[in-house]
Amino acid sequence: MEWKDINIKQYQDLCKEIDEDYTDDLERSIGILATLTDKSIAYYTDEIPLNKLKEKLIELTFIKEKPKQQKIHSKIRIGKKRFRFNLNMRSVSAGQYIDLTELVKDKEKINDNLHTFLAVLCEEINWYGKKKDTIVSDRAKYIQENMRMPMVFSMSGFFLSNYQRLIKGTNDFLELQMKKLTKKTQEATDLALSNIGDGIIL
């Protein structure tokens, strides 16, 4: 077993399994193995001999290594479908920006939202590169079940770091715009007050 065999759903389940309360490391390892192989814990504790269990547990050593970085391309094949990712974070739409901001708001849930985060930044395309009419939730489900972790680590690392820069740039821009707006509002108010004069109307 290697990272290339693991999809996003299995990775998300793996993260939850690692955080579970177990009495010992063997129990935790069996829980992780069950999660990654879609078998029950009872299968590993009751149905296979100890030497086979040991072989299976050795296969989990890949978890200690980070997946190898892959080169990022805008057009990629995931399972049997093709997708085009927007690699230029400055060209995201307002809707995408709002969705992304909502998805990363809670740092504890970034892993849970990984597939949706990626789905917001892509569109499904046909063989000729023409956009297919799909919705984010459908793309997210497909990506969750079919995208393998080496590509996920590369893409999510790229997007999250660029998103942070986009947020900072956007916040700086909004702050500057707010200062300009405040200044213009103050000037307009001062002008309006000077036109009214000092007279009091009763």
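Note that this is a predicted model, so its numbers are computed, not measured. (Residues numbered from 1 in each chain as written. Predicted model: local features only at pLDDT ≥ 70, side-chain atom pairs only at ≥ 80, totals over all residues. Heavy atoms only, no water.)

Draft legend 1. The sheet that holds strand β2 (residues 81–85), seen in detail. Reading across from one edge, β1-β2-β3 is the order of the three strands in this open sheet, with antiparallel pairing throughout. Two strands close off the open sheet at either side, each with one partner strand: β1 (75–78) and β3 (122–125). This sheet shows a mean twist of 35° between the axes of neighbouring strands, independent of strand direction. As paired elements, β2 and β3 share four bridges and run antiparallel to each other. Its bridge partner lying in β3, Phe83 is registered against Glu124. (Pairing = 2+ DSSP bridges. Helix = DSSP H or I, 4+ residues; strand = E, 2+ residues; numbered from the N terminus. Axes fitted to C-alpha atoms, helices over the stretch in contact; angles between N-to-C directions.)

Draft legend 2. Seen up close, unusual backbone geometry. The phi dihedral of Asp38 is positive, around 55°, even though this residue is not glycine. Classification of Asp38 as exposed rests on a relative accessible area of 66%. (Buried < 20%, exposed > 50% of the residue type's maximum accessible area, 1.4 Å probe, protein only.)

Draft legend 3. Main features of the nonpolar core. Ile8, Tyr11, Ile78, Phe85, Leu118, Ile143 and Met147 are the most contacted members of the largest nonpolar core, which totals 33 residues. Taken together, the elements giving at least two residues each to this core come down to α1 (8–19), α2 (25–37), α4 (50–58), β1, β2, α6 (114–120), α7 (136–146) and α8 (149–196). No other element matches α2, which puts five residues into this core. Contact partners of Ile143, with chain neighbours within four places excluded, come to Ile8, Ile78, His115, Leu118, Ala119 and Cys122. One finds Met89, Val92, Val104 and Leu121 within the second-largest nonpolar core, a separate group that totals eight residues. (Core = buried A, V, L, I, M, F, W, Y, C linked by side-chain atoms within 4.5 Å. Contact = heavy atoms within 4.5 Å.)

Draft legend 4. Molecular detail of the packing of aromatic side chains. Counting across every chain of the model gives three aromatic pairs. With centroids separated by 5.9 Å and ring planes inclined at 35°, the aromatic side chains of Phe83 and Tyr142 adopt a geometry described as tilted. One end of the pair, Phe83, is in strand β2; the other, Tyr142, is in helix α7, and 59 residues separate them in sequence. Across the pair, Tyr142 and Phe83 agree in class, each one buried. Lying across the ring of Tyr43, Lys39 places its NZ or CZ 5.0 Å from the centre. Positioned above the aromatic ring of Tyr142, the side-chain terminus of Lys81 is 4.4 Å from the ring centre. (Phe/Tyr/Trp six-rings, centres within 6.5 Å; stacked < 30°, edge-to-face > 60°. Lys NZ or Arg CZ within 6 Å of the ring centre and 35° of its normal.)

Draft legend 5. Main features of the packing of α1 against α2. Closest axis-to-axis distance for the α1/α2 pair is 9 Å, and the angle between their directions is 165°. Viewed along their axes, α1 and α2 adopt a mutual orientation that is roughly antiparallel. Here α1 runs over α2; the crossing is right-handed. Residues Gln10, Asp13, Leu14, Glu17, Ile18 and Asp19 of α1 lie in contact with α2, whose contacting residues are Arg28, Gly31, Ile32, Thr35 and Leu36. Taken together, the residues that form the contact of α1 with α2 break down as four nonpolar, three polar and four charged. (Parallel < 35°, antiparallel > 145°, perpendicular 65-115°, else oblique. Left-handed = near helix turned anticlockwise from the far one by under 90°. Nonpolar A, V, L, I, M, F, W, Y, C, P; charged D, E, K, R; others polar.)

Draft legend 6. Focus on the environment of Asp13. With respect to the helices and strands, the residue Asp13 is situated in helix α1. Assessed through its relative accessible area of 23%, Asp13 is described here as partly exposed. Here the alpha-carbon distance between Asp13 and Leu36, two residues 23 residues apart in the chain, equals 8.1 Å.

Draft legend 7. Summary view of the packing of α2 against α4. Close contact between α2 and α4 brings their axes to 10 Å; oriented N to C, the two are set at 75°. One way to sum up the angle between α2 and α4 is to call them roughly perpendicular. On α4, the residues touching Leu26, Ser29, Ile30 and Leu33 of α2 are Leu53, Lys56 and Leu57. Of the residues contributing to the contact of α2 with α4, the split by class is five nonpolar, one polar and one charged.

None of the figures reported here should be taken as evidence of function without further support.
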